[in-house]
Every structure is written in C-alpha cells, then in structure tokens.
Amino acid sequence: MGSHGIADRVAIVGMGCTRFGERWESSVEDLLVDAAGECLAGLPGLGRDDIDAYWLGTLGSGQSGMTLSRALAVDYKPVTRVENYCATGSEAFRNACYAVASGAYDRVLAIGVEKLKDSGFSGLTRMDPPGDGTAAELTLTAPAAFSLLDPAYRARHGVSAEDMRSAMTHVAWKNHANGARNPKAQFRAPVAKEKIESAPLVAGRLGVFDCSGVSDGAACALVVRAEEAFDYTDRPVFVKALSMVAGPARGAVDPGYDFTTFPEVAHSAADAYEQAGVTDPAAQLSLAEVHDCFTPTELVLMEDLGFSARGKAWRDELDGAFELGGRLPVNPDGGLKSFGHPVGASGLRMLYECWLQFRGEAGERQLPQPRLGLTHNLGGRPGSCVSFVSVVGRERGPVT
C-alpha cells in the first residue's frame, strides 16, 4: 500500500467518554458537552477556545459542523463532520491526527456522538442510495448478514455446530463479564452461558445475546504534536498507526467470497502493522478493542487481525486466550457487546479504553503494565465493508 504512516508524530493528551446506554434524559448536545467536558477537565487552563479545529463523527445525529459548534458554543472555528458507517468515530480521529501531523493545527479535538434510542426504531437506520440491484446484501438485516459467518466458518474449518456455539457463547460471556466491571457500560451484569444459549433467536443461530447493544453516547480525544505531549499530561498516548480501507463491495456477487474472513480487515491490519513496526501482533500487543457487533464477528476478527491461526480462533476463545487474564485481552471494557454501540462514538470509545489502561485508570479491569494497544472498527457487513485499525502506545519510540 502507499501509506507511509505518521508513527509517533501525534499524541492523545486528553479523552472523555459518557456513559453509554438508553440516555433518554440527555440530548445530542448534552452528550457532546459531557464528553468534551471530561476531556478538558483533565487539562487545567485549556478551554474550548484553545482548540484550533474539530472533527465530528456522527452517522445520523446531526448534519454539518454546526451540530458541534452549537452544542459547545464554539465560535468561528473549523468543524468538519464525517461519516463512514460504524467506523465514523475512527474516521473523525484519523482526520484529526492527520490535521495535526500535517502542521495545519496545534490542537484538534475528535469527537463522536450518536443518539439512537430516540429514533423510534430498535436498530440502526439508514437511507440506502439508488443502485443497480447487485447490492443484494442490503436486503438483509445486519443480524442476518453476520449470521452467515457461523455456518460458513464451520464448513470451511470443519468445526462442529456444538463447538462453534460454545465459542460464540464464550465471546458474549467474556464481554459481558468485562462490561460488568465498567461503570460506563450499557450492560453491567455478567450473563450465564446457559442464558446466552437459551435466548430467543434473532437470525440464523444468533440469539439476543449474540448481538451488540444499540445505545446513545459520545466520546472524544484531544490530539497534539508528539513532541509537545508532555506539556499537557505526564501520561500521553502516542499514535503508532492509522489505517482505513474501503472494500470493493463485491461480496454478494463474488463466487470466491465464502464469509470466513473480512478482507478489508486483513488489509487494514497489515497496513497498520507495517506503519507501527509490529511483526507479531499476538505477542506484541497488550490489549485489543475490536468490533464485536456479533459474536461470530469477533471470532473471525481474531484471525484477520493475526491473533489466531486460520481455523483456530474458536479453540483459542474457548481456551481463554482473549480473557482479561489471557495471552491477549480482547475488549476488556466489554466491547460493543456490553459497552454499547452508539455508531459515531464507538471508534473513539475503543481508544478511551487504551487511554485508561495505559494510565492505570481502568479500575477493576486494569491490566498489568500494558504498553501497546490496537483498536479495530468496521462498518458495513461481510463482503462489503470499511475497516479501520489503529495501533497506539504508552511510550514514544520503536515498537518492541
């Protein structure tokens, strides 16, 4: 690929995140104010007027930069609103980082927000543009589309229905157990495996607990030049890699696509690892926040991101490899499954967990001395999606 990366050229020096959930008492403006307020509260003497530019990510909770300027009372500053499906928050962060790395601005705030519960619908809503009829996957609901991963994976790798069900259940069980330790998560109770497996079916073999929550929330990050990071905080987070790719969206009509991988994820991961100098992600990373929109998604992602060998993620999951005490903790904050999924905020929420972990502020789920983290965010569905991967670190310098 042609990306050269901006490793160690920018750093996060402040972050904020609201509680995710059914926030009936809060408006979009309230959520934006709360997230930005937490971020700036940790930076005494720095106010909204000191921010040079803003990038706002939202799928459908506002149009134009005025969604943010009005809420934060920001006068006559550049505010760019972006959208990239469920990777919208990550897109806001990526653009903010590039803006600082280019030298265009000194301080940039990336913020994502979504108010989904007030829409009147039970899931994500969108308006599909006119097409030529070949985008057949758009006729499926999201649970139906992702449910195809389960039988395809079993057929490709010779995994029994019982073993695959156990692995999917373990993903949900793990992420709910992690979310129970997170005071900002939408769902804060552990869920027994028996309850997960007996839940009503939604699509295919996906039950209620195999699907991520739909929620309201906001999250943000303040980005500055890396060489100035310690002027703001004694524990900044350094950006090692940013990779966003869009697939050709041919999965529904490509006879070679078998629903056992997200090629976009594999490509963005390879690009991010090259930028960061990561050669063995399963060994070098301290934690990973991944897009567990549905339980089989997390299993496939473990292989696309290089955490498991092909056809082995289900076994690694059952062996506890991705639990808090495992060889690579995945979604220690509960992930989309338990923390929730307000589309525009999710990518930044993943970074917020890295921020807390590196600073030793993750409470009951704190990992011992984490040094390098990965966030992964995808938007779309199998065979037709965008994918984002970031690598961030506690220290500036080469990855070891």
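The structure presented is a predicted model; accordingly, all values stated were derived computationally and were not measured.

So, the overall build of the protein
Okay, so step 1: Counting its secondary structure elements, the protein contains 13 helices and eleven strands.
Okay, so step 2: With the principal axes as the frame, the protein shows a C-alpha extent of 60 × 45 × 45 Å.
Okay, so step 3: Burial status across the protein gives 60% buried among its 400 residues.
Okay, so step 4: Put simply, of all contacts in the protein between residues at least 6 apart along the chain, 78% involve residues at least 24 apart.
Okay, so step 5: When the accessible surface of the protein is summed, it comes to about 15200 Å², and 52% of that surface belongs to carbon and sulfur atoms.
Okay, so step 6: Here the protein contributes 38 positively and 50 negatively charged side chains, and the mean placements of these two sets differ by 2 Å.

Some details on the pairing of strand β11 (residues 384-393)
Okay, so step 1: Across the ten residues that make up β11, a large majority, ten, are buried.
Okay, so step 2: Covered by surrounding structure in β11 are Ser384, Val386, Phe388, Ser390 and Val392 together with Cys385, Ser387, Val389, Val391 and Gly393, the residues of both alternating faces.
Okay, so step 3: Where strand β8 (residues 237-246) lies against β11, eight bridges are found, and the strand directions are antiparallel. Paired with Phe238 across the two strands is Gly393, which belongs to β11.
Okay, so step 4: Note: strand β10 (residues 372-381) against β11, ten bridges, orientation antiparallel. Looking across to β11, one finds that His376 is bridged to Val389.
Okay, so step 5: Linking β10 to β11, which pair antiparallel, is a turn of two residues; within it Gly383 sits at a positive phi near 85 degrees.

Focus on the side chain of Lys117
Okay, so step 1: Within the secondary structure layout, Lys117 lies in the loop between β4 (107-114) and α4 (142-147).
Okay, so step 2: Residue classification places Lys117 among the buried positions, given a relative accessible area of 18%.
Okay, so step 3: If we ignore the near neighbours within four places in the chain, the residues touching Lys117 are Gly21, Glu22, Trp24, Val214, Ser215 and Asp216.

Scoring rules and cut-offs
Residues numbered from 1 in each chain as written. Predicted model: local features only at pLDDT ≥ 70, side-chain atom pairs only at ≥ 80, totals over all residues. Heavy atoms only, no water. Helix = DSSP H or I, 4+ residues; strand = E, 2+ residues; numbered from the N terminus. Buried < 20%, exposed > 50% of the residue type's maximum accessible area, 1.4 Å probe, protein only. Contact = heavy atoms within 4.5 Å. Areas by Shrake-Rupley, 256 points an atom, 1.4 Å probe, with all protein chains shown as cover. Lys, Arg positive; Asp, Glu negative; His and termini not counted. Charge placed at Lys NZ, Arg CZ, Asp CG, Glu CD. Pairing = 2+ DSSP bridges.

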